[in-house]
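Spelled out from the first residue to the last, the chains are:
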Amino acid sequence: RLKQYLRWQLLISAVRQKSDVQVTAFRGLCNLPVSLVQDFASKKQGDLIFWPAMTSTTRERHIALDYATQPAPEGKGNCLFVVNGIDEGISLQEVSQYPREAEFLLPLFSLLQVEKVQGDAPLTLTCKFLGCQMPAALSQAVVQDHHRAQQMLVAAGKAKDQQVILRLENELAAERARTASLAAQIKTSADSLRLAMQMGQALISRERRDRFRVVLTQMVICRVSGGADWKAREVEARQYTLGENVREAATAYVKQVREWWREKQGDVLGELCENLRMHDGSTKHVDKSTVLYLSSEFKRICADKSAYLGDSWPLAIFCLRLYTQQDVDIDRTLLFPDVPGFPTDDDEQSPEGRDKVYAQYRSDPEKPRNPMMFQVANLATRRRWEKFMGSDVKSEDVRQAEDGLRKFIKWQCLISAVRQHLDEPITTYRGLCRLPSAMVQDLATMRRGSLLFWPAMTSTALDRSVAQEYANQPAPEGTGNVLFVISGVSEGIALRGVSQYPREGEFLLPLFSLLEVRDVLGTENPELRCKFVGSLMTEDFRQECLLDMQHSQQALTTLALESKAKESNLVTDLERQLHQLQQEANVEAQKKAELETKLAELEALTALALESKA
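Read on for a plain summary of the structure.

Turning next to the overall build of the chain. Along the backbone of the chain there are 18 helices and 16 strands. For the chain, the residues scored as buried account for 44% of the 614 residues in total. Counted over contacts in the chain with a minimum sequence separation of 6, partners at least 24 positions apart contribute 78%. In the form shown here, the chain has an accessible surface area of approximately 33300 Å², with 53% of it arising from carbon and sulfur atoms.

Considering all chains together, one arrives at 21 salt bridges under this definition. Asp 329 serves as the salt-bridge partner of Arg 332, at 3.0 Å between the closest nitrogen and oxygen. You can see Arg 332 and its partner Asp 329 sitting in helix H12 (residues 327-333), three residues apart, about one turn around the helix. A relative accessible area of 6% places Arg 332 in the buried class. For Arg 406, the salt bridge is made with Asp 403, and the minimal N-O distance between the two is 2.7 Å. A residue pair is termed a helical-turn pair when its members lie 3 or 4 positions apart in one helix, as Arg 406 and Asp 403 do in helix H15 (residues 395-417) at three residues. What emerges from the salt-bridge pattern is a single network uniting Arg 258, Glu 259, Arg 262, Asp 540 and Glu 544.

Turning to the environment of Gly 497, a few remarks are in order. Residue position: Gly 497 is located in the loop between strand E13 (479-494) and strand E14 (506-509). Other than its neighbours up to four places away in sequence, Gly 497 contacts Cys 302, Lys 305 and Leu 309.

This paragraph deals with a nonpolar patch on the surface. A contiguous nonpolar patch, built from Leu 602, Leu 605 and Leu 608 and spanning about 320 Å² of accessible area, is present on the exposed surface. The residue Leu 602 is located in helix H18 (residues 539-613) in this model.

This brings us to helix H9 (residues 288-302). With 15 residues, H9 extends 21 Å from end C-alpha to end C-alpha; this agrees with the ideal 21 Å at 1.5 Å per step. With respect to burial, H9 is a largely interior element, 13 of its 15 residues being buried.

All right, on to the side chain of Asn 481 then. Residue placement: Asn 481 occurs in strand E13. Residue class for Asn 481 comes out buried when judged on its relative accessible area of 1%. Here the side chain of Asn 481 touches Ala 471 through a polar contact of 3.0 Å, landing on its backbone oxygen. With sequence-adjacent residues up to four places away left out, Asn 481 is seen in contact with Leu 432, Cys 433, Arg 434, Val 440, Tyr 470, Ala 471, Asn 472, Gln 473, Ala 475, Glu 524, Asn 525 and Pro 526.

Ring pairs (aromatic) are described by centroid distance and by the angle formed between their planes. By the definition in use, this model includes 15 aromatic pairs. With a centroid separation of 6.3 Å and an interplanar angle of 80 degrees, the aromatic rings of Tyr 253 and Trp 260 are classed as edge-to-face. Each of the two residues, Tyr 253 as well as Trp 260, counts as buried. Taken together, Tyr 253, Trp 260, Trp 385, Phe 388, Phe 453 and Phe 512 form an aromatic cluster joined through their ring pairs. Between the NZ or CZ atom of Arg 369 and the centre of the ring of Tyr 361, over which it lies, the distance is 3.7 Å.

Turning our eyes to something else, we now look at the packing of helix H11 (residues 314-323) against H15. At a minimum axis distance of 10 Å, the contact between H11 and H15 shows a crossing angle of 105 degrees. It follows from the interaxial angle that H11 and H15 lie roughly perpendicular. Contact residues: H11 offers Cys 319, Leu 320, Leu 322 and Tyr 323, while H15 offers Trp 411, Leu 414 and Ile 415. For the contact of H11 with H15, the per-class residue count stands at seven nonpolar, no polar and no charged.

On to the nonpolar core. In terms of nonpolar packing, the biggest core is built from 75 residues, with Leu 272, Trp 411, Cys 413, Ile 415, Phe 453 and Phe 512 touching the most fellow members. For this core, the element with the highest residue contribution is H15, accounting for nine residues. In this view, Ile 415 contacts Cys 319, Leu 320, Tyr 323, Met 457, Ile 493 and Leu 508; residues no more than four positions away in its chain are not counted.

The pairing of strand E11 (residues 451-454) with strand E15 (residues 513-521) spans four bridges and is antiparallel. Its bridge partner lying in E15, Phe 453 is registered against Leu 514. In terms of strand pairing, E15 meets strand E16 (residues 527-535) through eight bridges, oriented antiparallel. Bridge assignment links Asp 519 to a residue of E16, and that residue is Arg 529.

What counts, and where the lines are drawn
- Residues numbered from 1 in each chain as written.
- Predicted model: local features only at pLDDT ≥ 70, side-chain atom pairs only at ≥ 80, totals over all residues.
- Heavy atoms only, no water.
- Helix = DSSP H or I, 4+ residues; strand = E, 2+ residues; numbered from the N terminus.
- Buried < 20%, exposed > 50% of the residue type's maximum accessible area, 1.4 Å probe, protein only.
- Contact = heavy atoms within 4.5 Å.
- Areas by Shrake-Rupley, 256 points an atom, 1.4 Å probe, with all protein chains shown as cover.
- Salt bridge = Lys/Arg side-chain N within 4 Å of Asp/Glu carboxyl O.
- Patch = residues over 30% accessible without salt bridge, like charges linked within 9 Å, V, L, I, M, F, W, Y side chains within 5 Å.
- Expected span 1.5 Å × (residues − 1).
- Polar contact = N/O pair within 3.5 Å; in protein donor to acceptor, adjacent residues only side chain to side chain.
- Phe/Tyr/Trp six-rings, centres within 6.5 Å; stacked < 30°, edge-to-face > 60°.
- Lys NZ or Arg CZ within 6 Å of the ring centre and 35° of its normal.
- Axes fitted to C-alpha atoms, helices over the stretch in contact; angles between N-to-C directions.
- Parallel < 35°, antiparallel > 145°, perpendicular 65-115°, else oblique.
- Nonpolar A, V, L, I, M, F, W, Y, C, P; charged D, E, K, R; others polar.
- Core = buried A, V, L, I, M, F, W, Y, C linked by side-chain atoms within 4.5 Å.
- Pairing = 2+ DSSP bridges.

Such coordinate-based values are descriptive only and should not be taken to indicate function.
Okay, structure coming up:
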């Protein structure tokens, strides 16, 4: 075994760094035989210790101390070495796979001199580094061996260069051609997308465009509270803790949702057109031209609100806007004529006041309406999770959950797929009210390190006071409120720039978010302080969702381009007809000129005849 790696470890020691500045390093040893620990304890000042092998130490005392203070099994013991005066070795922090260990490597054949021995928890030996005992001739031979090996690699590379250069040049030429083609495609795609956004207006009637503009203007200036209060009041807004199994169970659930996503026929555009209704003289399914127009308009309205929205696809912005809307808002966007206007009186600005305004509209079961999309999708995702975990869920609830999940699975997965990855983590807040007392008690008794899995998309607030307002609401008997403080949030979507209700400062956590409990304050209406671990949506699942969206966006672009082509053909026909009419008009004008000339000649002859007669 020594011969197997002899040259490798000799080389590492031979290329050690030497420095005029001496440093101190630490080495913690654990689970040593008691006899060895006793031998170390008996060392006296001036005794020598020889370390024949390469020795890993650390520049950080606490790292070594962590090893030296571990509980030792019976018959075992720990000790800590403090090595002063080190003037040669290798700092591995910059090259290490584990840089936080601050590892400093002492070379082969290191010799130490004991300065003092103290303590027993752990036993600490303070030593002076006397140097590496590798002979200079051996170091020189090892370095020469390294140079020969390096030269052999270079020679082997050169031997292949002539064969490889031509292949690489051909590949480079092919890659340049592919890159140029891709750049042209990207430019064409970008030009097509801009054209599609422009053509979106031409695909619908002027009357519908005027009605849409009124609604969109109202959305921009709307000041009432919106969807966040509904999300805060969902009794089904359950949190789940499964101890040590939460990650494995949640990962399996994500895999199952991905299978359901794949089973759904069509893309997200087809899903929206199939499940959303609009009113254009009569109630009907939303058509692609309407989606194209609205997504283009939302993009125009929101693009300058943030760099994220400026870089987002129009269809993605449309999907985000739908998430921020209640059922009444969606109906208003899609031109239902009997939708109440936005509440404007002061007593209608609260969630309860706004609900009173909308109550009569919502109470008519005979008229086809659009659903509250986030409520349907989130409830379905959570109930399917309950069923997945074997909970006792009513068969009717399971059936409704399956229908709801199939209805909007591509929409909610797309929203999670387009989430932002933040450079600087943030803290968000979520207030939940009117939860069953048993659920509140379960949350209040959670321990540090427990995991929470939120299977559905989760609305939080950037402003603590917004979430606190919900968590401080009076709770009816048998219910309670909870406030979540979530730190370290590194991914999600700031919805303020796209929301119909920007004053809520809503920040959306993606599907499959995992949290770690750090602290619980209070028991009656507890505050849970958690750390955001991340979304368990896998990268390949995310890429599938993004490709599905791009396919949908391309379908809208194609629709616009086809409309443009038809419009171009129509213009050509009209221009041809106009040219023909102009030619006919020219002929008629020539005939008219000829007739006017003859008429003038006749008038002149008539005048001459009359004069002669007179």
